[in-house]
Every structure is written in structure tokens, then in C-alpha cells.
Amino acid sequence: YRDLHTFELHAPTRLIEWARGNRVCVAGYGQSGGNEILQLIPPPMLLTKETQGLCPERDFKVECGGFSERPVYSLKYVPDTSLLVTSGPPDSSLQVWQVSTEDSDVIKSVSTIATENGTGQSWAKIATISAGAPRVLHGSRLDRVQITEVESRKNVYTAACRGSEELSDLAFLDCNTLLLCCATGRLCLADIRQPQSLVEATSVPSAPCSEQWCMGTRHGAQGLEPSSQPVARLSSRGLLTLTDLRKTSEFLALAKARVPSPGSGAEFLCISWAPALEGYLAISGFDGTVHVYDTQSWDSSGREAEPIFVHKGHAFGGAGGSRDPPLVTVHMWHLQKPRTLLSAASDGSLHVWDWVQPCGKC
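Residues numbered from 1 in each chain as written. Predicted model: local features only at pLDDT ≥ 70, side-chain atom pairs only at ≥ 80, totals over all residues. Heavy atoms only, no water.

*Asks:* Honestly, the side chain of His311 in this entry has me stumped. Any pointers?
*Replies:* Here His311 shows up in strand S25 (residues 309-311). What makes His311 buried here is its relative accessible area of 0%. Engagement of the side chain of His311 in a polar contact is seen with the side chain of His351, the distance being 3.1 Å. Once residues lying within four places of it in the same chain are set aside, the contact partners of His311 are Tyr1, Leu4, Gly288, Thr289, Val290, Ser343, His351 and Trp353. (Helix = DSSP H or I, 4+ residues; strand = E, 2+ residues; numbered from the N terminus. Buried < 20%, exposed > 50% of the residue type's maximum accessible area, 1.4 Å probe, protein only. Polar contact = N/O pair within 3.5 Å; in protein donor to acceptor, adjacent residues only side chain to side chain. Contact = heavy atoms within 4.5 Å.)

This is how it looks when you write it as C-alpha cells:
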């Protein structure tokens, strides 16, 4: 490691989100009421683009917080606002939160976005964008995908999708283009200007019906078309696929991650592209580790990929007191620091780490 920061949360968290001013938002996912939503000020070393050497202050600080009566399974900051949107059981409705102003340290609930036939549906996956009026893309199933204006709660788009498959992820590629990933691995591309139009990418390799999939999208450099950026998919067996959305009929690459045998569920599967490193991605959700891969040498053979770095800090240096080994519930890349990641685990530990690149590649 080049550097490692740790912070102990009061409860396990399954999400991390960057907010304005390089703040970090986290939230609890316990089934009982009183799940915390916190906005943290990162250590000063994370607020600068360059490594500044020794720094006396190495901890996160709680800047403001609030409580949610329901578990928070997804949380997204609404760009260019002071709003957060969350979702979680027992239905697919969304909760909108106002982050504190200068004279308050409270994150308060301001509204609820109800969904049609939301009762009985699983919790909604969400993505946000600020293009004119701030909007949220949300849905729990393929035929329930909507875009809603956050402040007016006006529905501005409903996808005309066939099938009721459960969604694992969704994303804005730009203000008009959406990407939807089903738990079965099915990948669909939609354009809000053409609600009846839906492009389906190549299916994933055949696998047991119990296998679950998630996806990660990569934001391109300025002036680069979003569709030119590969989409990564990860399965609960550790299969990895890369797909070029400009040519959806075939895989760009196939690989197999070196992960433990899948457990009873895949609720914490996470795959993400590095925003400041070309071709690098990270995966987690199988155990107490985070694996980092360089995909630039991958091909379509499907052979096992060797990680260039494995973060084992949660497995060996967690909060303690738990009989079960900690499970990494989520990870996230720093927006500017190329090799810096944040990760959280089921024992309430939050880590920020920066690995030393071997062989001097970066």
C-alpha cells in the first residue's frame, strides 16, 4: 500500500456515494428502524489531487446525518443539488433527502416518490442526472423502469420493455440514453426519445438459473461518445464479460475471476471501472477482499484473469466482535486519484486505500 485510512461506522453499510465538495455519503441497511445516513468529510489527503506526504489528520469526520425508518439499499447524490435519493425494502418507492445547510447538521426527508404498482415489488435500483431539471432513473423490474423529476415528482419517461425480469443495475449513459441490466445478465439499451425502441446486447454465457449478474459502466473522457465505453458484467460465479455497445452482437472480452464459490446470495456483487485509469476495474462482494484487474490484455478465451492487486484489509483488520468473517458490501473509486478506492464491509469498517503499482505501468 501507498496509503490506507480506516473508519469504523456504527452499523454495516452497503453503499458509498460521492457528494458535492468531495464529501462521502454512507447509509445503513439494517432491517430495523433508525438506519443512519451520514455525510462524511474525508481525510485531507483525499481532498487534494496530489499526494502531500505526511498529514496529521487521517480520519473521516461526520459532517451531518439523519435516520431512515427503512433499510437503505441504494443511495444516489443528485448532481448540482443538495439532494439525495434512496431506496430500500419493503417496496419500490424512493425517498428524497435534503442535505443540511450551513446552519444545520441534519439530513432530513423532504418527499417520497411513489411508483405505480410499487407494493409487493422489490426495492428500486436508481441512477441520477442533472440535465435541466434533476431527474432520477428508477425501477425494480424491466417493465417498471421510469424517469422522474426529483423536485416536482413528475414522471417524464416510462420504458416500453417486454418482460418482467428483476433489474440488478441501471445507468444514464447520457441525458437521453439508458442502460439496463437484469439479474439474469440481460443487457438492454434504451433511448428516452424513442420509448418504444429497445436494443438488447448479446446474452451472457449459459449458466445455472440461480446465477446473478451485475454491471459497471465507464464514463468516457470529454468529447468521447458514452456508447464507445465498454460495459462490464460480473456474475455470482466470478464470470466477467466486456461489451462494446457499438457492436452488441459479440463480446469484447471474456474472463474468469479467482473468487470463492458463490454463497447463498449475490446481493453485494459490485463491479466498477476506474475513472482515471484506462482499462482498470475492481470487483467485490464474494468475501472480505476487493480485486483490481487490468483488462487491456483480456481476450475472448474466458481464461482465468490474474488480479494486479487484492485488498485484504477488511478480512484481517475489521472492527472485530463478529464471529462471521467480514464481507465487502461495496467499493468505489476516487474520482481524481487513479489508484485510490473506498470500500465498506459488513462489520462496519470503511477503508480508503491506495496501492503501489507494480512494474511501473502507471
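*Asks:* For this particular structure, what's the right way to read the pattern of salt bridges?
*Replies:* Opposite charge on two side chains allows them to pair when their charged atoms are near. All chains considered together, the criterion is met by 13 salt bridges. Residues Arg14 and Glu267 are paired through a salt bridge, measuring 3.3 Å at the closest nitrogen-oxygen approach. Highlighted residues: Arg14 in strand S2 (residues 13-19) and Glu267 in the loop between strand S21 (253-256) and strand S22 (270-273), separated in sequence by 253 residues. Using a relative accessible area of 49% as the deciding quantity, one classes Glu267 as partly exposed. Arg303 is the salt-bridge partner of Asp299, the closest N and O atoms lying 3.4 Å from each other. Judged by relative accessible area, Arg303 falls into the exposed class, the value being 51%. Counted as one network, the salt bridges with shared partners bring together Arg258, Glu304 and Glu306. (Salt bridge = Lys/Arg side-chain N within 4 Å of Asp/Glu carboxyl O.)

*Asks:* Help me out: how do you make sense of the sheet that holds strand S9 (residues 108-113) in this one?
*Replies:* Sheet strands pair via backbone hydrogen bonds, and the direction of the pair is either parallel or antiparallel. Spatially, S6-S7-S8-S9 is the arrangement adopted by the four strands of the open sheet, whose pairing is antiparallel. Of all the strands in the sheet, just strand S6 (74-77) and S9 have a single pairing partner and so form its edges. For this sheet, the mean inter-axis angle between neighbouring strands, taken without regard to orientation, is 25 degrees. In terms of strand pairing, S6 meets strand S7 (residues 83-87) through four bridges, oriented antiparallel. Across the sheet, residue Tyr77 finds its bridge partner in S7, namely Leu84. (Pairing = 2+ DSSP bridges. Axes fitted to C-alpha atoms, helices over the stretch in contact; angles between N-to-C directions.)

*Asks:* Explanation requested: the pairing of strand S18 (residues 213-217) in the structure shown.
*Replies:* A regular strand carries its side chains on alternate faces of the sheet. Within S18, four of the five residues are buried, which leaves it mostly tucked inside the rest of the structure. In this structure, S18 lies alongside strand S19 (residues 231-235), joined through five bridges in antiparallel fashion. Opposite Met215, over in S19, you have Arg233 as the bridge partner.

*Asks:* Help me out: how do you make sense of the pairing of strand S26 (residues 328-333) in this one?
*Replies:* For S26, the buried fraction is high: six of the six residues fall into the buried class. Note: S26 against strand S27 (residues 340-345), five bridges, orientation antiparallel. Paired with His331 across the strands is Ser343, a residue of S27. The loop that links S26 with its antiparallel partner S27 comprises six residues.

*Asks:* Looking at this structure, I do not really get the state of the cysteines. What am I missing?
*Replies:* Here, disulfide denotes a covalent bond that connects the sulfur atoms of two cysteines. This model, assessed by the stated rule, comprises zero disulfides. Of all cysteine sulfurs, the one in Cys64 lies closest to Cys25, which takes part in no disulfide; the gap is 7.2 Å. Cys25 gets classed as buried once you look at its relative accessible area, which sits at 0%. In this structure Cys181 is not part of a disulfide, and its nearest cysteine sulfur, from Cys182, lies 6.7 Å away. The exposure class assigned to Cys181 is buried, which follows from its relative accessible area of 0%. (Disulfide = S-S within 2.5 Å.)

*Asks:* What should I look at first to understand the environment of Thr115 in this one?
*Replies:* Tracing the sequence through the fold places Thr115 in the loop between S9 and strand S10 (125-131). The exposure class of Thr115 is buried, given its relative accessible area of 15%. A distance of 2.8 Å separates polar atoms of two side chains, one belonging to Thr115 and the other to Ser92.

*Asks:* How do you make sense of the sheet that holds strand S13 (residues 155-158) when you look at a structure like this?
*Replies:* The strand order across the open sheet built from four strands is S10-S11-S12-S13, with neighbouring strands paired in antiparallel fashion. The sheet is open, and its two edges are formed by S10 and S13, each paired on a single side. Ignoring which end each strand starts from, the neighbouring axes of this sheet average 20 degrees apart.

*Asks:* I keep staring at the environment of Val24 and nothing clicks. Help me out?
*Replies:* If you trace the backbone, Val24 turns up in strand S3 (residues 23-28). For the pair Val24 and Tyr77, spaced 53 residues apart in sequence, the C-alpha to C-alpha distance is 9.8 Å. Not counting the four nearest positions on each side in its chain, Val24 is found in contact with Ile16, Glu17, Trp18, Leu38, Gln39, Leu40, Pro42, Phe60 and Leu342.

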